[in-house]
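# Secondary and tertiary structure notes
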Amino acid sequence: MAAQTNTNTNKENSKSVGKFLKETKGELKKVHWPNKKELTKYTGVVLTTCLLMTILVWAVDSGIGFLLKLILNR
């Protein structure tokens, strides 16, 4: 079996990098960036969700720990 060789030159690579950056810039122009009011609201939602999930994980962990103590002390 013959080994495959990479025929891309540095010039071709730099063109592809330039094309990639140009396309990326175009895509970022399509993004809906939130205003300050939306950003504050979304941040509140994320922090509230994190707090609730933390409490849920703590409660489940404490419950499992309590049950294991009951089982192991028999």
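Everything here concerns the structure above.
Residues numbered from 1 in each chain as written. Predicted model: local features only at pLDDT ≥ 70, side-chain atom pairs only at ≥ 80, totals over all residues. Heavy atoms only, no water.

The subject of this paragraph is the overall build of the protein chain. Regarding its fold elements, the protein chain presents two helices and zero strands. The burial tally for the protein chain puts 0% of its 74 residues in the buried class. Surface summary for the protein chain: the accessible area is close to 7,700 Å², and the carbon and sulfur share equals 67%. (Helix = DSSP H or I, 4+ residues; strand = E, 2+ residues; numbered from the N terminus. Buried < 20%, exposed > 50% of the residue type's maximum accessible area, 1.4 Å probe, protein only. Areas by Shrake-Rupley, 256 points an atom, 1.4 Å probe, with all protein chains shown as cover.)

Taking 1.5 Å per residue, 37 residues should reach 54 Å; helix α2 (residues 36–72) reaches 53 Å between its end C-alpha atoms and fits that length. Regarding α2, its N-cap is N35, as a side-chain oxygen of that residue lies 3.2 Å from the backbone nitrogen of K37 further along. (Expected span 1.5 Å × (residues − 1). Polar contact = N/O pair within 3.5 Å; in protein donor to acceptor, adjacent residues only side chain to side chain.)

What follows covers the pattern of salt bridges. Scanning the model with the defined rule gives one salt bridge in all. Of the charged contacts in the structure, one is a salt bridge between E27 and K30, with a shortest N-O distance of 3.2 Å. Of this pair, E27 and K30 both sit in helix α1 (residues 10–30), three residues apart, roughly one helical turn. For K30, a relative accessible area of 63% translates into the label exposed. (Salt bridge = Lys/Arg side-chain N within 4 Å of Asp/Glu carboxyl O.)

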